[in-house]
Amino acid sequence: GSDDDGSDDDGSDDDGSDDDGSDDDGSDDDGSDDDGNDDDGSDDDGSNDDGSNDDGSNDDGSNDDGGNDGSDGTNGDTGTGTGGGTNDDNGNTGNDTVLECLDAFAYKEQAICFIEDGFNQWGWTNDFMYSETINYQTNYSYRMPLYVDAVDCNLSNGKIVGYVLIDNIVGQEVVLEADVTYVITDANYELSEIHLNISENQYPIDGAGAETVIPSEYYTFSEYNVDRTSFTFSRVMWPLDTYIIAYAYICPVGQ
């Protein structure tokens, strides 16, 4: 019943392949293997040989969309985490900056730093000396920047958050008056306390008769719970030769 060409009359060839297209080694001529693996590299169970699954998740537990299954709170495609922190270039996370209340002092060119006179507090006493070039009786005005964080009176350490305006200086002879206005220009802050010292002396005098730079000892004006971004002291007595210390305690808006 066999032919001399090696093929059997039952339809099977002596080389081991069947006429139905399947090979005796278990592989099918359509490119699929009987073990369930397809020749295109994908497995019948839905997983790919490169370690990724057809559902988009990788065997290492991370998702192809850039999001990690881990609990570190960071998102792979943006660098920001669900915990509110952000990643820096080193992969570290941090919280948003928390604003705090700050000390602020007004500064005029050639002002005298408290530290230069032996005090342990940074800040300035500013002089307004009468001269023929500054005629107070013609509504002379001057704007002083208001600094925070100017440690050691170093302006490069500080930041300007507003200004103090000396305005409407009017009067006769030695009897003068002025308006002093505080303005906060930083949108994150507002005035909480104001302490102002205007005198012929460089510094106010405390109860013991000693010079001081403690704001609560400034005896010209003090205001508490201001809670606004501007405040004016009107018609303040202004000596011909004046020293002014303008201090403000500023806090985040609404705090």
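Rules used in this analysis
Residues numbered from 1 in each chain as written. Predicted model: local features only at pLDDT ≥ 70, side-chain atom pairs only at ≥ 80, totals over all residues. Heavy atoms only, no water. Core = buried A, V, L, I, M, F, W, Y, C linked by side-chain atoms within 4.5 Å. Buried < 20%, exposed > 50% of the residue type's maximum accessible area, 1.4 Å probe, protein only. Helix = DSSP H or I, 4+ residues; strand = E, 2+ residues; numbered from the N terminus. Contact = heavy atoms within 4.5 Å. Pairing = 2+ DSSP bridges. Disulfide = S-S within 2.5 Å. Phe/Tyr/Trp six-rings, centres within 6.5 Å; stacked < 30°, edge-to-face > 60°. Lys NZ or Arg CZ within 6 Å of the ring centre and 35° of its normal. Salt bridge = Lys/Arg side-chain N within 4 Å of Asp/Glu carboxyl O. Polar contact = N/O pair within 3.5 Å; in protein donor to acceptor, adjacent residues only side chain to side chain.

(A) Layout of the nonpolar core. In terms of nonpolar packing, the biggest core is built from 31 residues, with Val164, Ile166, Tyr182, Leu191, Trp238 and Ile250 touching the most fellow members. At the level of secondary structure, the elements contributing two or more residues to this core comprise strand 3 (102-106), strand 6 (140-148), strand 7 (159-172), strand 8 (175-184), strand 9 (189-199), strand 11 (230-237) and strand 12 (242-252). Sequence-distant contacts of Ile250, that is, excluding residues within four places in its chain, are made with Glu100, Cys101, Leu102, Val148, Val161, Ile184, Tyr189, Glu190, Leu191 and Ser192. In terms of nonpolar packing, the next biggest core, distinct from the first, is built from 18 residues, Tyr107, Phe114, Ala150 and Ile245 among them.

(B) Spotlight on the pairing of strand 9. Most of strand 9 sits inside the fold, with 10 of its 11 residues counted as buried. Across 10 bridges, the pairing between strand 9 and strand 12 is antiparallel. Its bridge partner being in strand 12, Ile198 is matched across the sheet by Ile244. Note that strand 9 and strand 10 (residues 221-223) share 3 bridges and pair antiparallel. From the neighbouring strand, His195 faces strand 10, where its bridge partner is Ser222.

(C) Looking closely at the state of the cysteines. Summed over the entire model, instances satisfying the criterion amount to 2 disulfides. A sulfur-sulfur distance of 2.1 Å marks the disulfide that ties Cys101 to Cys251. What sets the handedness of the Cys101 and Cys251 disulfide is the S-S torsion sign, and at about 115° it is right-handed. Linking Cys101 in the loop between strand 2 (93-94) and strand 3 with Cys251 in strand 12, this pair joins segments that are 150 residues apart in sequence.

(D) Examining the packing of aromatic side chains more closely. With the rule as written, the count across this model stands at 15 aromatic pairs. In textbook terms, an aromatic cluster arises when at least three aromatic residues are bridged by ring pairs, as seen for Phe105, Tyr107, Phe114, Phe119, Trp122, Trp124, Tyr147, Tyr203 and Tyr247. Against the face of Phe128 rests Lys108, its NZ or CZ located 5.0 Å from the ring centre. Positioned above the aromatic ring of Tyr163, the side-chain terminus of Arg143 is 3.9 Å from the ring centre.

(E) Seen up close, the pattern of salt bridges. Following the criterion strictly, the structure yields 2 salt bridges and no others. Two residues, Lys159 and Asp186, come together in a salt bridge whose shortest N-O distance is 3.0 Å. Of this pair, Lys159 sits in strand 7 while Asp186 is found in the loop between strand 8 and strand 9, placing the two residues 27 residues apart along the sequence. Overall, the relative accessible area of 46% leaves Lys159 in the partly exposed class. Take Asp186: its relative accessible area is 12%, and that puts it in the buried class. In this structure, Arg235 engages Glu177 in a salt bridge whose closest nitrogen and oxygen atoms are separated by 2.9 Å.

(F) Here's a closer look at unusual backbone geometry. In this structure, Asn225 is a non-glycine residue whose phi angle is positive, near 50°. Owing to a relative accessible area of 65%, Asn225 belongs among the exposed residues under this scheme. Although it is not a glycine, Arg235 sits at a positive phi angle of roughly 55°.

(G) How the structure looks around the side chain of Asp186. Here the side chain of Asp186 touches Lys159 through a polar contact of 3.0 Å, side chain to side chain. Asp186 has contacts with Lys159 and Val161, leaving out every residue within four places of it along the chain.

(H) The arrangement of the side chain of Ser192 in detail. Along the chain, Ser192 falls in strand 9. On the basis of relative accessible area, Ser192 is assigned to the buried category, the value being 14%. Contact partners of Ser192, with chain neighbours within four places excluded, come to Glu223, Tyr224, Asn225, Val226, Asp227, Tyr249, Ile250 and Cys251.

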